[in-house]
Each structure stands twice: as C-alpha cells, then as structure tokens.
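Survey of secondary and tertiary structure
Read off the chains here:
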Amino acid sequence: MEQLNKFVERIETTLLKGVRLESENPYDPVVVKHTPTGWSCIGAGNYAAVFAYQGNEEWVVKIYAREQEGLKKEAKVYRKLGGHPAYSELIYQGEQYLVLKRLRGITLYEAVHKGIQIHESIIHDVNEALQYARERGLTPCDIHGKNVMMNEGKGYVVDISDFYKPGEDEKWNDLVKAYYKFYKPFFYKYSIPIPDFVLDAIRHSYRFYRKWRKKRKQVQLYKG
Ligand SMILES: Nc1ncnc2c1ncn2[C@@H]1O[C@H](COP(=O)(O)OP(=O)(O)OP(=O)(O)O)[C@@H](O)[C@H]1O
C-alpha cells in the first residue's frame, strides 16, 4: 500500500505535471510531445499513452488524452473481468489515468514489423481469454495487432476498454483469418519483417474494407 501511495504521488507530481500529449485524430495514435525525466513511453493507442517509471517494473500508467469517459469504462471492465493470466489488472484509478499491472513482451504488430515469429499458441491463448470475458458478461471488441502482446510463447490482451460495448466486432476474427491465410504459410515460415509504411497502409486499407463491408451488409439487409 505504501509503495502504491508513493507511486501515485510520483505520477501526480512528476508525470502529470510534465507530460505533453497530442491527439489530432481519433484514428491515429496519440503523440507524446514531452515525457518527464525518469519516465518512458512504452506505447500509445488512439485514446491514451502508456508510461513506465524507471524504478518500477510492476506497474504502468495509462493516461487518456481524450474522452475521459473511456477511462471510467475501462476501470469498470477491469473490475468485472477479475483476475485472469492473459489480462492486465487495475491497480489504481486516478482522474485522468489508470495504474495497471505491466504486461511484458511485444505487440503482434511489433512482431510482424520485426519479423519475429508469432506462434499459434498466442492465437489460442487470446481465443481462450476472449471466451473468458464473454462468460463474465463482456463483449470482446477492438482486438487488433497492437492490442495483443506476446511473451515467451504466451498471449496477452492489452486493451479491454471497449468490452462494455454491445455487440462484438470482427477485428480479432479477421486477424485470425489473416494469420492462417497469409501470415502462417509465408511470413511465419520465412520470418520476413514488414516495414512500418506497409503496416500503416494495411491498417488504413483495413479500415476502408470494414466500412465497405458494413455498407454492403446494410444494403443486403435493406434488399431483404
Ligand atoms: N498493461 C500494459 N503493460 C504493458 N504495456 C501496455 C499495457 N497497456 C498498454 N500497453 C502498451 O501501450 C499501448 C497502447 O495502449 P492501449 O492499446 O491500451 O491504448 P488505447 O488508446 O486504449 O488503444 P486503442 O487505440 O486500441 O483504443 C499498447 O499497444 C501497449 O504497447
């Protein structure tokens, strides 16, 4: 408890006072303009940036750049999820930030970028973790390559902030399909790294593909 109190004090007196975040577009990651000494940014999503403190290996701080409402919902989801080895845990909820258990490893996005093999066990672990969430009354959503981490052959789900929304999306299913169709037979086999600009192009094209698919479904429904 004392350790947590000290950590919270450090967040509020150093990190929050010095950090500068910019979020221009909800479809692109938050940009960290300045990180105070002692802290390092270990990841950024479209809503938040995540920081680690040099003297603390256990916890990370997720600061929301926009939509503080999302922070409250994420905390609620963690409470509902309880403890599971494939998820992080909520340690503390601040006004603008959450303290979470630190997950180790690299994201699937980084693995593909660096040509590091993603074993099938990762896909199985995530499938199992998502099923666990469903059994707790949650709806797994927004699970993509930057929201799944792997470490020593185990898979972890990093971001559960959208699990309260009604209705699952297709992102994880699409990723699994792409894994078996393109990744496993080719990129996995030869450990080929993929440059950032290609991954970005895939990310943008996938967004358009999802929009197109959604429209097509609506038209089909309308035609009956
Ligand atoms: N508990 C954690 N331990 C270690 N790294 C983490 C943790 N949580 C997040 N990260 C890192 O920070 C990055 C951004 O976090 P996260 O995906 O939760 O942000 P977000 O803005 O909610 O994302 P999204 O754009 O998917 O909504 C992750 O891709 C991961 O690299």
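Because the structure is predicted, anything quoted here is derived from the model rather than measured. (Residues numbered from 1 in each chain as written. Predicted model: local features only at pLDDT ≥ 70, side-chain atom pairs only at ≥ 80, totals over all residues.)

**Examining the sheet that holds strand β7 (residues 97–101)**
Quick note on the threshold: When DSSP finds at least two bridges between two strands, those strands are taken to pair. A helix here means a DSSP run of H or I that spans at least four residues, while a strand means a run of E at least two residues long, and both kinds are numbered starting from the N terminus. Between N-to-C directions, angles span 0 to 180 degrees; the directions come from axes that are lines fitted to C-alpha atoms, helices contributing only their stretch in contact.
Pairing is antiparallel in the open sheet, where five strands are placed in the order β3-β4-β5-β7-β6. Every interior strand has two partners, whereas the edge strands, β3 (39–44) and β6 (90–93), have only one. Neighbouring strand axes in the sheet, compared pairwise and without regard to direction, differ in orientation by 30° on average. Alignment of β3 against strand β4 (residues 48–53), held across five bridges, turns out to be antiparallel. By the bridge assignment, Trp-39 is partnered in β4 with Tyr-53.

**Considerations on the sheet that holds strand β9 (residues 148–151)**
Spatially, the three strands line up as an open sheet ordered β8-β9-β10, and their pairing is antiparallel. What marks the edges here is a single partner per strand, and that holds for β8 (106–107) and β10 (154–157). As defined by bridge partners, β9 adjoins β10 across four bridges and the pair is classed as antiparallel. By the bridge assignment, Val-148 is partnered in β10 with Val-157.

**Focus: the domain arrangement of the protein**
Selection rule: Domain boundaries shown here were taken from an automatic or database domain assignment. Whether two residues are in contact depends on their C-beta atoms, placed from the backbone: they are in contact if these lie within 7 Å. Residue polarity is assigned by list, with Asp, Glu, Lys and Arg as charged and Ala, Val, Leu, Ile, Met, Phe, Trp, Tyr, Cys and Pro as nonpolar; anything else, Gly included, falls into the polar class.
Assigned domains of the protein: these are domain 1 (2–101) and domain 2 (106–193). Taking only C-alpha atoms into account, the centre of domain 1 sits 22 Å from that of domain 2. On the side of domain 2, 18 residues touch domain 1, which itself brings 13 residues to the contact. Looking at the side of domain 1 that touches domain 2 residue by residue, the class counts come to five nonpolar, four polar and four charged.

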